[in-house]
Amino acid sequence: AVTIVAHGVLFLPDPRPFEMALATLNADASSCVHVGDPWHCDVVGVRNVGMGAIHVDPLQLCHESDHRHVSSFAAFVNELLGQNELPVFIQN
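Residues numbered from 1 in each chain as written. Predicted model: local features only at pLDDT ≥ 70, side-chain atom pairs only at ≥ 80, totals over all residues. Heavy atoms only, no water.

A. Geometry of the nonpolar core. Phe-18, Leu-22, Ala-29, Cys-32, Val-43, Val-46, Val-49, Met-51 and Ala-53 form the largest nonpolar core, which has 9 residues in total. Looking at this core, the elements that each hand over two or more residues are α1 (16-25) and α2 (39-47). Residues within four places of Val-43 in sequence aside, it is in contact with Pro-38, Ala-53, His-55 and His-67. Core analysis: the second largest hydrophobic core is formed by 5 residues, Val-35, Ile-54, Val-70 and Phe-76 among them. (Core = buried A, V, L, I, M, F, W, Y, C linked by side-chain atoms within 4.5 Å. Buried < 20%, exposed > 50% of the residue type's maximum accessible area, 1.4 Å probe, protein only. Helix = DSSP H or I, 4+ residues; strand = E, 2+ residues; numbered from the N terminus. Contact = heavy atoms within 4.5 Å.)

B. Summary view of the sheet that holds strand β3 (residues 68-70). With parallel pairing, the 3 strands of this open sheet are ordered in space as β1-β2-β3. Each edge of the open sheet is held by one strand with a lone partner, namely β1 (33-36) and β3. Sheet twist, expressed as the mean angle between neighbouring strand axes with direction ignored, is 25 degrees. Against the sheet, α2 contacts β1 and β2 (52-56), and its axis sits at roughly 165 degrees relative to β2. (Pairing = 2+ DSSP bridges. Axes fitted to C-alpha atoms, helices over the stretch in contact; angles between N-to-C directions.)

C. Summary view of the side chain of His-55. Note that His-55 resides in strand β2. Engagement of the side chain of His-55 in a polar contact is seen with the backbone oxygen of Asp-37, the distance being 2.9 Å. Leave out the neighbours within four places in its chain, and His-55 touches Gly-36, Asp-37, Trp-39, Val-43, Cys-62, His-67, Arg-68, His-69 and Val-70. (Polar contact = N/O pair within 3.5 Å; in protein donor to acceptor, adjacent residues only side chain to side chain.)

D. Looking closely at unusual backbone geometry. In this model, Asn-26 sits at a positive phi of 50 degrees, which is unusual for a non-glycine residue. Looking at where Asn-26 falls in the secondary structure, it is placed in the loop between α1 and β1. Despite not being glycine, Gln-60 has its phi angle at roughly 55 degrees, a positive value.

E. The environment of Val-49, seen in detail. Assignment of secondary structure puts Val-49 in the loop between α2 and β2. By relative accessible area, which is 17% here, Val-49 ends up buried. Residues Val-49 and Phe-18, 31 residues apart in the sequence, show an inter-C-alpha distance of 7.2 Å. With near-sequence residues (within four places) excluded, Val-49 lies in contact with Pro-15, Phe-18, Glu-19, Leu-22 and Ala-29.

This is the structure:
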């Protein structure tokens, strides 16, 4: 699911946008992951609700080991679709 947060209304890492997405999907946080790029907003935000995080980190600046890393959104989608043409997961 794609959830869009209106700018100026809710600021990440506020857990409410993630909670709204979970409620819309009638899904449990432990069965979902969020793919995002700003560490503070996306990784910290999903931790607040118990979801898994996949951090888009093309420059490999994040050295946290409690979540997965990908080089780009395209690489993540290729991995998801089984098209491993691009190097997807960055090894820490």
